[in-house]
Structure formats: structure tokens, C-alpha cells
There are 6 protein chains.
Amino acid sequence: MGKVVTLGEIMLRLSTTVGERISTSRSFQAHYGGGEANVAVSLANFGHQVTFATKVPDNSLGMTVIQQIRRAGVDPSSILVGGPRLGTYYLEAGIGSRAAKVIYDRAGSSFAEICKNEWPDDLLEGADILHLSGITAALSPQWCELLIEFMQLAHQKGCKVSFDINYRGNLWSQAAAGDALARLLPHVDYCSAGKLDAIYLLGIEERASSDGEVMDYYQAIQEKYPSIELLYSTKRVVHSASSHELTGTLWQNGYYESVTHRLNPIVDRVGGGDAFSAGILHGLLTGKNPQELVDFATAAAALKHTVHGDANLFTAQEVEAYMSNGSGVISR
Amino acid sequence: MGKVVTLGEIMLRLSTTVGERISTSRSFQAHYGGGEANVAVSLANFGHQVTFATKVPDNSLGMTVIQQIRRAGVDPSSILVGGPRLGTYYLEAGIGSRAAKVIYDRAGSSFAEICKNEWPDDLLEGADILHLSGITAALSPQWCELLIEFMQLAHQKGCKVSFDINYRGNLWSQAAAGDALARLLPHVDYCSAGKLDAIYLLGIEERASSDGEVMDYYQAIQEKYPSIELLYSTKRVVHSASSHELTGTLWQNGYYESVTHRLNPIVDRVGGGDAFSAGILHGLLTGKNPQELVDFATAAAALKHTVHGDANLFTAQEVEAYMSNGSGVISR
Amino acid sequence: MGKVVTLGEIMLRLSTTVGERISTSRSFQAHYGGGEANVAVSLANFGHQVTFATKVPDNSLGMTVIQQIRRAGVDPSSILVGGPRLGTYYLEAGIGSRAAKVIYDRAGSSFAEICKNEWPDDLLEGADILHLSGITAALSPQWCELLIEFMQLAHQKGCKVSFDINYRGNLWSQAAAGDALARLLPHVDYCSAGKLDAIYLLGIEERASSDGEVMDYYQAIQEKYPSIELLYSTKRVVHSASSHELTGTLWQNGYYESVTHRLNPIVDRVGGGDAFSAGILHGLLTGKNPQELVDFATAAAALKHTVHGDANLFTAQEVEAYMSNGSGVISR
Amino acid sequence: MGKVVTLGEIMLRLSTTVGERISTSRSFQAHYGGGEANVAVSLANFGHQVTFATKVPDNSLGMTVIQQIRRAGVDPSSILVGGPRLGTYYLEAGIGSRAAKVIYDRAGSSFAEICKNEWPDDLLEGADILHLSGITAALSPQWCELLIEFMQLAHQKGCKVSFDINYRGNLWSQAAAGDALARLLPHVDYCSAGKLDAIYLLGIEERASSDGEVMDYYQAIQEKYPSIELLYSTKRVVHSASSHELTGTLWQNGYYESVTHRLNPIVDRVGGGDAFSAGILHGLLTGKNPQELVDFATAAAALKHTVHGDANLFTAQEVEAYMSNGSGVISR
Amino acid sequence: MGKVVTLGEIMLRLSTTVGERISTSRSFQAHYGGGEANVAVSLANFGHQVTFATKVPDNSLGMTVIQQIRRAGVDPSSILVGGPRLGTYYLEAGIGSRAAKVIYDRAGSSFAEICKNEWPDDLLEGADILHLSGITAALSPQWCELLIEFMQLAHQKGCKVSFDINYRGNLWSQAAAGDALARLLPHVDYCSAGKLDAIYLLGIEERASSDGEVMDYYQAIQEKYPSIELLYSTKRVVHSASSHELTGTLWQNGYYESVTHRLNPIVDRVGGGDAFSAGILHGLLTGKNPQELVDFATAAAALKHTVHGDANLFTAQEVEAYMSNGSGVISR
Amino acid sequence: MGKVVTLGEIMLRLSTTVGERISTSRSFQAHYGGGEANVAVSLANFGHQVTFATKVPDNSLGMTVIQQIRRAGVDPSSILVGGPRLGTYYLEAGIGSRAAKVIYDRAGSSFAEICKNEWPDDLLEGADILHLSGITAALSPQWCELLIEFMQLAHQKGCKVSFDINYRGNLWSQAAAGDALARLLPHVDYCSAGKLDAIYLLGIEERASSDGEVMDYYQAIQEKYPSIELLYSTKRVVHSASSHELTGTLWQNGYYESVTHRLNPIVDRVGGGDAFSAGILHGLLTGKNPQELVDFATAAAALKHTVHGDANLFTAQEVEAYMSNGSGVISR
């Protein structure tokens, strides 16, 4: 088992229940999550030693974040306490023909307002992997610089850098994201990036469509950023808000693809990509081969869609049981 | 944007929750709705000036109806207050193989007991469209006469008459409905009617089955009632209580049909037809061409199936976004 | 209408709600059920005179069992009161890709601890059918002997013996079950058994796979145990925890199969097999022919999947309406 | 233990939850109850053989009534099925300073529409007590006549007549009630009546106020109607909707009064008076002396206020344990 | 009936349910409210013509505010749409010994960011009263200036100015509030202010304690600000979070006090003061004398404590019924 | 801040909601707790380093226990995993006149089945206090021996022994408990024991009643067991299940008593005594004087009654704020 540090923002998600809109909701379901926190929780479920670093306000919401992280078996001792507020967002859950809808209310959060490294020097001590994402880079120019600083620090300590591009159109423009990524990616070892990222953010030229095309973009990205030894993402065919098909893809000296999982009905898709990332990192830390990596990660992501909340609540054994038994058979 | 008046009964619906029967229900969900009220609410969401005329008892249930109508942005000032009771019905919600089940408890309601025009003269002042339905005609012979009176009044004021046949087998017989419709339809401009209405209520001869057959019945209806300039209805393929396919059809100097929407899972189908009617009227008031009319209306109806309650809660912009983006993609 | 006695354990099921795991559940849904109790309730809904015999502790949980049984119209006067506890189990409800998960906590229950016939002599007086299951045989060697005693007693009283093998791998081994079944089956008239039972428990040799193979195993079982005049079971194609295909099969001097029902979404599959058994027994008691038997039973089982709880809540008229109308059409 | 028949209307109560008004309620809690049904259920809990006679419509609501009655251990075989509808009412639950509010929707119910004895001759066979109430008399002149017929029939069969005046101001006027009572009370053996009943309905002259005054009115009633051998009612000091003081009073050849129970908080007061009546009848059937009668009945009524629903859910043992232990001490 | 304009911020309140803390809450109850909005809703319930002016963001939360206001019968046409966000706060509901706890997350809201009058000129046209509060003054120096501007405008239009000091210690210091109030109060006609306001904000010297002392402070305030013709506030004795005693006090050429209302249990105290203010303004608009004013307002405030949400949901008739009947008696 | 180890059984509590009985409950609320676990959680909230040692089964229920403990900031690394089952109990929550009711289903649990020390040698390494209770001694004779072994081990390591007698009448007789306590108490430093314990379990002669009598019993216990340096318990006046008065008492070279807290309404009293114990231990670890000890502990216990679940969810700062501010005042 490995030691992993993830660093990023964690927010309070306020969601409607099935069949309600924000305007008809008399209550909101509360979940605390964020890409890096979700990866941390999944990896702890898989048995790794994980630290999640973030900053939360000194109030009940901040304390609840710490309790949630602790409950999951993730080390909360690098969660800073202070600053103005916890970022929030409202999720109008989609169903059938109706897509989910998000209202962000995250500006000015305790984490976003950070402008210099506030963590102690030993944050990355002994870590095998540091996991970061493009969302943090989007929060402020200072955060973009800080990310580079953390990536460099990681390499100094012999720690690999994992990075999920995770582009959010309402946080920054494609141009701004492209500039930042050009500075960040040379420091990255493992990268979650897809075809659209390649074309619109990384300046890879669009190719004529073909079946195996993700492969081509992976190859082009790696040629451009040779430090990246692993690229991965999921392909999602969206039939409706309740029904997707999910296929994992991976580039590691060659292209690998998982079987396609049919997700229907989807309970909660938030965190599905993070579950996939965590599955990839788990595979790397336990020495799986590329095909095993992508199979495990995709199965983990599929299971995530069956539970409420951002966090994937499955152990490695449960993911493996699902891979061998398929879905739906009760053992009793 | 136009001015529309709808007039009809509004009832309290008491529904079970998913997976329960009436006999196992410890609580019932409360929704207030009715065909004409639902059309009013949808049109207000689309930005029109809408008045809903009905009669409710002078108690908390009646006052709640007024609040609900007001909340939706519909003018409640033509809601009369008085009479014995609010009509109610119980809906045992269906799911999968199990069809929904309705128990009506609507006899003797404040609205049904009306036997002469109790509204002030200016009810239809300035209105572009008056929307009525066959359910009102079924309530009593007096109501059938009153409907004709309102239709004539509308035409005197230069207001178009929209009419949804909406046949309910447990309110009256096919013969009684046929007689009433024969008297009502000559006063109608826009009519929601389908193939079964044509054959069993309007006396159109049944034809040999063929793909495009709704078209033939529309044509026959229009030949019989030449005042009707627009006919519309939906075709519904019912796979189960949770899964339908919905196609909108329209006759306006020719036959038009929407793409087919797959509705799965269905959250609440009550009001789906009313959402379709409202979509049609919206299109008419905003000058859409026939194909746009039926496309918009069908999309609006599809979205209705994703929310609890009778009322369609979507703006014209949201319907259009759904038409261009398809379902299920979160924007964030 | 007939008179039926069923005898077996009834347990408290504590289930999670949709999208939750046991670890995230702040409450559990409570249902009281068990194979023989479920058959009893279904048969009472179908209009038969049914007695359910079991033993429950002398506390509120035991009293609740009696109330539930009484509510369903089943005679509770043969429910013994005493002993240490009510057996319980936890069901983490599955959905989509995630299978349901069961934690049994049933050891040492009031029923399981029974070691001699504690019921009065007239338990089977006037009964047409006595329904038992292999779960009871698995509880203890004493229970296995007692079952044989009850079966013999039934035949003395001119009462047919119905037996559902209902193998549970975590109650006993295949070898132990096989030994017990070899002693029990010679006393059985109607038997629910499937292909896997035949191969792994009854020592029937596995055959090369073919479409109609269940038929072959039925025939082989009947050759081995000629007293069995009726064999039945369902074939279930499991697409996911939410979507199955269900086909009923029957052997009664020949092989019969129902149409295939698509179950989607499944609300609660616990008790689906018991609903099928009850449908079979109902058909026998009302003189249906084999094809009618299997059609009715499969339709009853399909409807069961649309309601929460172990018990099938449908009357014979409702099952028949579903068979003729199909699913999903509201009558109003 | 005795045999009791109660006859009266049972309705569906639709209640708001704590802190909501009807206008803000998105759901209503469903309880089925009525004075005579509530007395029946209490007496069954106390171990008596009880039959409840009523009439319910032939739909799911009617069937649910039968199941609820059966569950409670009351014989439902005298529940007639047919007629137009189940009476309903809406209860806006009170709390603190805010009183509860009732909207009746009970006109035209299956029970109210009865105009001649529809029950078989053996309804009262072997009964010790027939329990009726003034609410039934208020439903129609026919019902008033029918009640007299039932009372006479009871006496012919050697069965005592219990009658709860239970005056409801919105069902009939004091004058009408007074006329009816003058005809009914000569046939009554046990009567629930209070001071206000005496003054406003029974024509007893109001006296100057004094502490023991209920006694005086009881005496006056009995002098007027010497057939009445037992009179009883509760005195209720209402501090708020959540806090009452309850004292039971009784006249049986002398005046008896219970200790005063402080009820705070009150969960649901509907059915409190019926629990008191059932306690009195239980005492009569088990040969308690007058002081024991009133003490037991008042304790039973107090406990009723701690549970949701009309029905008192306590056994005689539980009532007695409460009388000896007082409230609030957990045994573990 | 009068015409009233209220202007202020409206926020989304996210509350825990009874017995939960923020850290244990899996969902939050959503209520939309604010002092001036609450006053507007109460006055509309009392039958007045009321406009509420505020600014909300152009998203679902903003639209929900408009629907809520419209539902209550308040004119929403002066609600501006735009700006960054809707202010929110979290309320950990108190009970018994545990006080409620508030976490504000209101900085940078669409309303707070307003820095010049964005409303059309006719906002106050025809208004009898303009109601404002000190919370708005606390939001920014610009808002303080704007309030003075609105007050002057009101007086130009012959409209009275009502002002609730409503000091919030976590929005500004006592010194800052004191400075602002010194500039605002000369423009005020009706003022809600209490003893603590007088001493700590208005610079009135503290006096030796005595029973009738609020009277003295009212007199001193009025001497200092002679334009104020009416002063009012409530005295609250807090026994616990669930139990208060509430007494209304009023100065209008003399001191008046209501009876004391015992509030127990308290469902939701947020908005209690606003209900009192609305009661005062209702009395002024309907010509009540001072004693009637304070009695009505206190009764209205008492009822508010029995319902969830900020808004008082009672009509003038209901308040008066409560005043004459007292609490807790059901009429049926 | 200190280091504390607590060791004992933790169970799943399944509770009804307010106003329901077990027989009417369709769901049960799930809480995981036990005396020693509750003390551990409270102490962690107060800032101490706490380890909780127990044994749970290797299934989802056991894993949930570990997550709950971890969430609270208690070290779960001494929770053994294995054995047959998690002990459970059903709590029918009391309210008003109705006392709570408990059904235990704890026999044969993983913890109870332990018969020798299964923990590693370093369990008590560096601990200041080991907290145990009489419930563990009641589970089996082996557990009684093991407790003595742990007490001796603690003293060898310089660790104080805290012991809560916590007599449960349905686990063992007074005689058996008395024998065990006679062997255990000589090893105890801090002891929670009350007057009834003294008389019925410890053989202290009953004295004539007087106000300060708890003091006398404390003195007698200490004379009998001179190793005990601190004795404490609460006095509870039970007005109803919803209303108690709570006073803390303490003996430490003299008698100390807290002010009396009125608890009304009580949300959940389970764990109230454990919150008191934790408050005492917190005071000892932070050097409070006896009066401060008992005041803090009683305030902590009072707050516990305002939250659902066994665990006290308050920090030392929150307890102190409650002590200085009293209850019910919102800060905003």
C-alpha cells in the first residue's frame, strides 16, 4: 500500500431530491466533496495511507469537513482552519430527459483565498504520489504558481505528480486554462485528460473522427509533454441523465480500454471521474498492469454512480467482486 | 407575448410515493392541479399573461389553490371562492410493470356545482386565447351549456377558442361525450384530439391501420368541423409505467410530427398532455411555424415527466436548451 | 377457494434506502417477512383461507409480526409466542451495477430453537395444502425431522405437501442440503426447484446446455421422486440490480413456460419467488390448467417487484388485469 | 373478557406535520379512525372480542380500512362494502399557542348514506355491549331512527347499550341534537356526557359554579334518564395545544374522579376521548369498581396522547404499568 | 386597507432539523426570508397591498425568491434581478438547553453590493408606509446613504417611514451603528427599538432598573428624536430555546403593554419580531388604538412561533380568533 | 490534555421516531453507541487523545462502528474485528406520559464472547485513565476476570482506573453484581455510583431519608473501598419522559453538587450519564477543582439531552458557553 497526498478545495454541495427543482425544494441534501478529497477518500477505502490538504473556515461547516475526512480514514491533520467561508454549490439533480443543473457559490472561499504555501514543510514527506487538479489552478493566478511550487517540491522528495485537468468552463476561459496547463503539464507524471482537453486546451490539432481516436490524442499529448508517463480518462455515452455508458481509457506505452459499463439508473454521478482517478492511482500503487489498471478504475467509477454523495464507498475487494460477479446477484 | 384565459376545475391530488400502494401509505403527497390550471401555469412560465378561472371553497384548501396559482405567476383574481368542497383524487403511482391507479373523489365540488356564469363580464377582455376542456363539459349538462356560452363570448371578443377533448371514461359515456362534442366543436379553433377520440367520440369511421394514420383522422375531423384550424395530440408508446416513448403530432394545413422522445424513468406523468397543449399555445402566440410548434410542445411535455406535480416548471429558454443540448449533460 | 397452512420462520428485515450503503444509513426500513409467511399473505390476498404457523418472542417485535399477519387476512392463531429472539437481517438494497448485500443475524431465534412439535394437533385440520421450505430444514437437524413429521401428518389428513427448496448457501452446505432433501422430497407433492438445485443438491447429472433444458431437469427430478406431481421455478436474466427478465416454468405431465416479463425498475425483489409459489398454489386451488398456472404465477411475481416489502399486495383480480392490460396504462 | 360490538363511521384523516399549516403542506399523514372504531381497537388491545360495523366504499381506501381494523384484532366481518365514498377530513395539527383546525369533507359518505339496517340479524348475537355515538345520529334523520332500532334490538338480546353523545357543532344544531337525544337516551345504559352536554343539549338547568359541579349534572341527567346506570366524561384544562391537564370523572351510584394527568407534550389528541370510553367499558367488562374504572380509563386516555393516530395502542398491562410506575422511567 | 412598501435583503436560510447539529445534518431545510420581506408577507396576509423591493441573482435561487413573494400575495415587480449571489445563512436550530447557532454566509450578495438607487421613480407612488431596517444600513456606507435618500423620498410623497433598528453585532460595531442611527432616526416616524438599543446605540443614559423601565427609554428616545411618533418592541423572557414569554410594548403618547404570551414549544422563532412589526403597521393602517395595536401585534408574533419558516402565515381574522379563544381548542 | 483508553461493548441502537411505537414503525433510526464508546467520543470532543477498545464483527455493521469512532476523532486502532455479531437493541422512544421501552438483542455478540485478553500489550501504554463499566462485568464471568486483569495492568502502567457501575437489571441479578463489584472496586480510583447502587449492590445499610443523603452514601462507599478517590453520579427528577431535572453530585474529600438543570424537552436521554462521566474525567485531566468538575460535567450532560444519538457532540468551549450564557439566546 502507498502513501498519497491530495490537495484541493472541498465544498458543501446542496442537492435537490429526485423529481424536484431548486424552486420546489423545501430541503437540500448536504454532501461535502471536491475532486481531490474524493480521490483521497477512495484511496483510503482501497487501503492506502492518504492525507488530504485543504483549508476550511473556523465554523461548524469547516469542522464537519474534518469529521467527514476523518471518518473516511483519511488523515485530516493537513486541513488548515481559517479564512472567510466554505465554498458551496447547488445541484439540481437531473433525471431522465432533464439534465442536472449547477449554481456555483464558491467565490471567496477560505481555500480560494490562499495566496502562499501555508502548509508545513513535511506535507509531502514520504509520499509516493501527490494528486492535484486544474480546478485549483483556475481559482487564482497565485494558486497556479503554488501548484507549480508543490509539483516541484514533490519531485524533490521523490514523489510522483498526478494531475486531473478537470476543466470547468465557468471558472476560467479555454485560453487562460491553456496558458496555465502549458506551464503545469511539464511537471506532471500521471495526467487525466481527454480528447476535448487535447483539442481545446492543449493545442493538439483535431483529427478526422475514427473509432480509436482517443489513443491518437493521448499519443500527441505525450509527445508534447514527454514527462507524462500515464494518461487516462473515461468515455461517456449519455443516453439521458439516468443512463450512461462508461468506458475507461488509458495510455501507458500503448492504449488500453476497459469493457463498457452500462450505468442505469444513475443515483449520483458527481465524483464518478474522481473514483476513476483513484482507481488508476490504486492500480499504480499496487503494481497492476495497464489493462488491469483501466479495468479496475472503470469498475470503481461504475460503482460510484450507485451511491449518493461525492465519495466512492467501496473497498478494493468490493470492486473486484463486482468485476468478477457482475451486477445484481444477491449472495445470501 | 400573449394574454390567455383558462377555465376549469382544479383538484387536490393525493399521491402515494414510489413503491407503495394506497393500502400501505402512511402519508400522501399533495399536489393541486387540473388540465386548465396546468396549461395556465406552463404558459405563465413561458412568459405570457395568464388568468385562471375556477371556483374553490372558502377554506384552507381553497386558499392554498390561490397561493399556488399566484406563485406560478398566473393571475388568480378570477378564482371564485365559495361552494361545498374542493374535488380530490387519490393516485397510486405506478412503476415498472404496475400501472398507476386513480380513485376519484370529485363529486359535488365547488366548481362542478356551478350552474350559471358567475364571473364578471370582463373575464375575457383583451384575451388572445380561451382554453377549455371536455372534462368541464362532463361535469354537468349546465356546464356543457356554459362552455358553449363562453366559447361564443370569446369569439365576440376576438379571442380564439382552444379545447382539449380530454375524455375521461369514468365521468361520462362515449355516447354522452359524443353528443356534447358535436355541439361544442363547431365553436373551437384549436383542438387537442387523437385517433381514439375521432373513432369513438366524433363518429369518424375507423380506417385500416397504417403508419401515418393519425394524419388521416385529423383530416377527417377538420373536414367535419372546418372551424378547427389546428389539431394536435401526442402518440405514446407505453413500455411500462416508467418508460414511454412520446411523439407529438399536429395538423395545421398539413401533418407534422416531432422526433420521438424516450421518457425513462418517468417521475410523474400527470400533466404531460397539458404541458404539450401549453407548448402548442405558446408556439401559436409567438408565431412559430408548425414544425417548430410540435417540436417545442413535445420537448416541453417530455420535460414535464421529470418533475413531481401537475405543473410544468420550465421556461421557454429551458425547453429550448433541452431541444438543442439533449438530455443529461451537466453544465458546470 | 382453498385452505392452506404455511409453516416457517418470519424475520425482521432492516433495509437501506435507495443509493445508501449500510455504512451511510441513518435509518433502516423495517419489513417483516419470510418465504412461508409471504406465500401465506399472497394466498390470503387471492381469497384463500390461510393459516401461518411460526414462533415469535414475547416482545413488541413478536406482537408486530402477529399484527402484520392479521392485517393481511391470514389466521395468526397458530403463531406461538416465546423463545429468545426474532431473527433479523440487514439488506443493503442494490441498484444499477451494485448488487444487494445481505447480513444475516438470525441465529438463535425463537423459531430456530424449536426442537419438537409445539403446535396443537388440529393445525392441519381441513387443510388442502401445507407449504414448507428448505430454509426450515437448514435451521437444525431437529427441524429437518420435524418437517418430515409434518409432511407425514399432512398426508394422513389428506392434505397435499408443497415444498420450496430455497437453498441458502450460508445456512448449510450443498452436501448437507442434499442429504436432507433426499429424505424430504419423497414426501412432497408440489416442489419449487430449479436447474441448479437439480445438479448441485439432488444429484441429477449435468447435461449439455440447450434452450429447453429446465424441462429435462424437471423430468429427471420427477423420475427420481415420482411422488412430486408438480415442479416449478422462475428463470431470471439479471441485467443489473434494477433490471431483470423473469420467465416462469412449470412441469406437470409436461413442460410449460410463461411469457417473459421485463422488470425495470425493480423496487424490491425480496419475496418475488414466494409470490410465484403463491401464484402456483392459487392456480392449483382454483383448477387452472398448467399454462394458466404458470402465466398467473409469473404475472403475480412480476407485480411483487413493484412494491416495497416481502409481501405481494395484489388480488387475483389485479393480477389478471395486469395480464390482460399490460403495464403502465392508467384508467381514469 | 367480553364481547363488544361498535357501530359508526370511520374516516380518512389527512393531517399536517408539526409546524406546518395546510397551505404549506406538501404531504398529509393518513390515519383511519372514528369514535366507534377507536373504541373497538382499544377494547381489542385490552383483550376483548370486538366487532366493528360500518360501511366503506369498494375501493382501495375501503380495503385499507378493513386491513387496519383486522390488524388491530377487531373482527371486520361486519364492515359492509359499497356506496359512494369514504368520508375524509383534514387536520391542521396545533402546537403551542396555535389550536388545531379541522376541515370536514365527509358529506355523502358510504356510511352516511345508509338509510335502513343493512346488517344481518346476528350482528349483536352474544354481545355484552353495543357502543354507539351521537355523531351517527347527526348524519341523517334515518340514522337517528336506525340507532333507536339498534338500541332496542340490543336490549332484546340482553346486550347493554353504551352511547357517547360526542356533540359536533358543525354537524347539527344544539336544538336538533337535543331533540334526538331526548329520544335516544331512554335506551341507553352507559353514557358519556359532560356538563356542557347537560346544559346545552339535555335541558338541565345551569347551576352556580362550584368545584364538584360535574357530579351535580351527572345526578340530574340520571334523574331525567333513569335507565342510565353509568355516566362518565373527562375534564380537560387546556394550557395550550401542546399541554393539557386531564381528569376522568364517573357517576355510578355516586361520583368518582381520577387523579389529574398532565399531558405535555401532546403528540395527537384525536381519539383521547375514545380511549377513555374504551377504558370505562373495559372496566365494566372486567368487574372493576368505580374508582378503578375511572383511574384505568383516565390512564388509558393519557397514554393515547403520546402516539400518532386515532387508535390507542396499549394493552391493559401497559396501562396498569403506567399507573403504577408513573411516566418516564426506562426499564433496561 | 393600506399600501406598504418594504425594502431590504432576503436570504436563503438553511436550517437543521430538531435534535441535529450542523455536523450531523444530512440535509438542510430551506426557507427564504429577511426582516422586510417577512413584514411584507405578514401585511399581505392581513389584506394590505404590499410591494417588496430587493435584488436577487439571475439564477434559480433568485427566481424562487420571486415565486415565494408572489405566492404570499406581495407584489414582486420591484425585485431587481442581477448581481453576484443570494446571501445565505445556516441555522442550527436550538431546543431545550441548547441555543440556536447561526453561521452567516451573506457577504457580497446581490443586494449588499447595490451602491445607488436602482429602482424606478414610482417605487413609493401611493404608498402609505415605507418599512426599512438597520440591517440594510449595516451592509455598506452606501446603503446607509441610500436609506436616507429613500426616507426623504418617502416623506416627499406623503409616505410614513417605519424603521426597525434590528441591531446585528456581527454586521457592525455599536459605535458604527450609533453613528448611522443618529443620521437615520430624524427621518423616522415609526421605530422598533428596545432598551438595549437605547443604551448601547442611541446614547440614552442607563437608568436604575425598575419594572416599567422600557417606558422611560421610549420617552427618552422620543425626546431625542421628536419626529418618531411611535416606538415599539417586545420583551422576551427566555426560559430555554423552546420556552419563552413574550410581551409587547408600545409608546404612542404614552406607554402600552400587551398581556404576556407563553410560547412553548417554539417551532421557529425566526421572524417573530417581524411578525410583531407587521402587526403594529396593520394596526396603524386600520386605525386601531394603541392598546389594540400592541395586543394584536403580540398575538401575531406569538402565532408566528408555531410555524416553520420566517413568514407569518396568519390572516387578521386568525390572529383575532386566537386573541379571543386562546390557544389549543379545536373547533369541529 | 490527557490520554484515555475506554474499553467496552458498542451496539447498534434501532429507535422509533417521536409518537410511534415499535409496532407502528416502518423504519428505525440507527445509532451506534455504548457507555465506554460514548465517554470516548465526549473526551475526544473535549480535546483529549482517546482510544476506544472493543470487538466488532467483520461485516458492514462492524465497519460502520469503526467509521463512527474515527469520525469522532477517537483512535479506532484497538477495535478488534471478528466474532459472530454486533449486539443490537430496540428503543421505543418515550414522550410525555409514556416511558421509553427497550428490547435487548445483545446476546452472543462479538464483544460478549471474548474470554481472554485479545489486545496487544501496549493498549494502555502512556494512558492517564482507563475507563470501564459494570456492564462489561455482567456479560460473562470471564469478562469480570478480564476487567480485574485490565485494572491491575493499568495500575502497573501508572494509569488511573475509572469505573461506572451502570447496573442493568436484565443482565444480571443484584446478588451477582454485588459479588463482582466486591472484587472489582478495590481496583478502582474514580467511580460512578449512586445511592441505589450503595444500598442494593454494595451492601451499604439504608439510612433514614434526608436532603443531603447522597453525601452519606458516598462517604460510606469510600470508607469501604478506600482506593476510590472520587465518586460521582447524577440525581434525576423525572417529571415525564420529556421533562427531567438533573443535578450532578460528587465526592472528593467532601461533597459537591451542581445547580439543577431543567431538561425540557428531552430529545434523547441515552448517553446522558456517559456525558456526565466524560465531563468528570475531562475536569480531572485539566485540573479543575471539585465544584468546577461537577458543574462542567452536569452542563455537558444537560446538552447531551438536546441531540439525537448516544454521543455528546459538544466541545469544552461550547459547554462553557452554555454555562455562562444559559440556554436559548441566539448569537447573530
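Residues numbered from 1 in each chain as written. Chains lettered and ligands numbered in written order. Predicted model: local features only at pLDDT ≥ 70, side-chain atom pairs only at ≥ 80, totals over all residues. Heavy atoms only, no water.

1. Description of the overall build of chain A
Secondary structure assignment for chain A yields 10 helices and 13 strands. Here the C-alpha atoms of chain A give a radius of gyration of 19 Å, agreeing with the 20 Å that 2.2 N^0.38 yields for 332 residues. With the C-alpha coordinates aligned to their principal axes, the bounding extent of chain A is approximately 50 × 45 × 40 Å. Out of the 332 residues in chain A, the part that is buried amounts to 64%. (Helix = DSSP H or I, 4+ residues; strand = E, 2+ residues; numbered from the N terminus. Rg over C-alpha atoms; globule rule 2.2 N^0.38 Å. Buried < 20%, exposed > 50% of the residue type's maximum accessible area, 1.4 Å probe, protein only.)

2. Some words on the relation of the copies chain A and chain E
With an axial shift of 0.0 Å and an RMSD of 0.0 Å, the rotation relating chain A to chain E amounts to 180°. Taken together, these values place the two copies in the relation of a two-fold axis. For chain A, the smallest separation between a C-alpha atom and the rotation axis is recorded for Phe28(A), amounting to 2.7 Å. Interface overlap between copies is the fraction of interface residues in one copy that are interface residues in the other; for chain A against chain E it reaches 100%, indicating a shared surface. (Least-squares fit on C-alpha atoms with pLDDT ≥ 70 in both. Contact = heavy atoms within 4.5 Å.)

3. Regarding the confidence of the model for chain A
Reading predicted coordinates in detail is not appropriate for stretches of low pLDDT. Model confidence for chain A is summarised by a mean pLDDT of 96, while 97% of its residues fall at 70 or above. Here the complex is predicted with pTM 0.97, and the ipTM for its interfaces comes to 0.95. (pLDDT = per-residue confidence, 0-100.)

4. Here we look at the interface of chain C and chain B
Taken together, the contacts link 21 residues of chain C with 26 residues of chain B. Where chain C abuts chain B, roughly 1900 Å² becomes buried across the two surfaces, and 54% of that area is made up of carbon and sulfur atoms. For the interface between chain C and chain B, the tally reads two salt bridges. Between Glu318(C) and Arg21(B) there is a salt bridge whose closest N-O contact spans 2.7 Å. Going through the elements one at a time, β13 (255-263), α9 (290-304) and α10 (316-325) of chain C are the ones with two or more residues in the side of chain C that touches chain B. Considered class by class, the residues forming the side of chain C that touches chain B number 11 nonpolar, six polar and four charged. (Buried area = accessible area lost by both parts, 1.4 Å probe. Salt bridge = Lys/Arg side-chain N within 4 Å of Asp/Glu carboxyl O. Nonpolar A, V, L, I, M, F, W, Y, C, P; charged D, E, K, R; others polar.)

5. Side note on the packing of aromatic side chains
Scanning the entire structure with this criterion turns up 48 aromatic pairs over all chains. Measuring from ring centre to ring centre gives 6.4 Å for Trp119(A) and Trp143(A), while their planes differ by 50°; the resulting arrangement is tilted. Separated by 24 residues along the polypeptide, Trp119(A) in the loop between β7 (101-105) and β8 (129-133) and Trp143(A) in helix α4 (residues 141-156) bring together distant segments of the chain. With centroids separated by 4.5 Å and ring planes inclined at 20°, the aromatic side chains of Phe111(B) and Trp143(B) adopt a geometry described as stacked. (Phe/Tyr/Trp six-rings, centres within 6.5 Å; stacked < 30°, edge-to-face > 60°.)

6. A few points about the relation of the copies chain C and chain B
Superposing chain C onto chain B takes a rotation of 120° plus a shift of 0.0 Å along the axis, which leaves an RMSD of 0.0 Å. The symmetry that links the two subunits is that of a three-fold axis. Across chain C, the rotation axis passes nearest the C-alpha of Pro265(C), at a separation of 4.9 Å.

7. Some thoughts on the packing of helix α8 (residues 272-285) of chain A against helix α9 (residues 290-304) of chain A
Residue and element names in this part refer to chain A. Between α8 and α9, whose axes approach to 7 Å, the crossing angle comes to 150°. Where α8 crosses over α9, the two elements pack in a sense that is right-handed. Facing Gly-272, Ala-275, Phe-276, Gly-279, Ile-280, His-282, Gly-283 and Leu-284 of α8, the residues of α9 in contact are Leu-293, Val-294, Phe-296, Ala-297, Thr-298, Ala-300, Ala-301 and Lys-304. The residue inventory of the contact of α8 with α9, partitioned by class, reads 10 nonpolar, five polar and one charged. (Axes fitted to C-alpha atoms, helices over the stretch in contact; angles between N-to-C directions. Left-handed = near helix turned anticlockwise from the far one by under 90°.)

8. Quick look at the side chain of Thr64(D)
Within the fold, Thr64(D) resides in helix α2 (residues 60-71). In contact with Thr64(D), not counting residues within four places along its chain, are Ile22(B), Ser23(B), Arg71(C) and Tyr32(D).

9. Structural notes on the interface of chain A and chain E
Each side of the interface is counted separately: chain A has 24 residues, and chain E has 24 residues. Buried surface at the junction of chain A and chain E, summed over both partners, amounts to about 1800 Å²; 54% is from carbon and sulfur atoms. For chain A, the biggest contributors to the area lost against chain E are Ser23(A), Phe28(A) and Ser60(A); these three give 23% of the whole. Counting every contact that joins chain A to chain E gives two salt bridges. The salt bridge partner of Asp105(A) is Arg85(E), with a shortest N-O separation of 2.6 Å. Across the chain A-chain E interface, the total number found is seven residue pairs in polar contact (both at pLDDT 80 or more). Every element with two or more residues in the side of chain A that touches chain E is listed here: β2 (11-15), β3 (27-33), α2 (60-71), β6 (88-92) and β7 of chain A. Element by element, the count of residues in the side of chain A that touches chain E is highest for β3(A), at five residues. Residue classes in the side of chain A that touches chain E are distributed as 10 nonpolar, nine polar and five charged. The pairing of β3(A) with strand β3 (residues 27-33) of chain E spans three bridges and is classified as antiparallel. Across the sheet, residue Gln29(A) finds its bridge partner in β3(E), namely Ser27(E). (Polar contact = N/O pair within 3.5 Å; in protein donor to acceptor, adjacent residues only side chain to side chain. Pairing = 2+ DSSP bridges.)

10. Observations concerning helix α10 (residues 316-325) of chain F
Two residues of an α-helix separated by three or four positions point the same way, owing to the 3.6 residues in each turn. The complete set of buried residues in α10(F) reads Ala316(F), Glu318(F), Val319(F) and Tyr322(F). Gly326(F) occupies a position one or two residues after α10(F) and carries a positive phi of about 75°.

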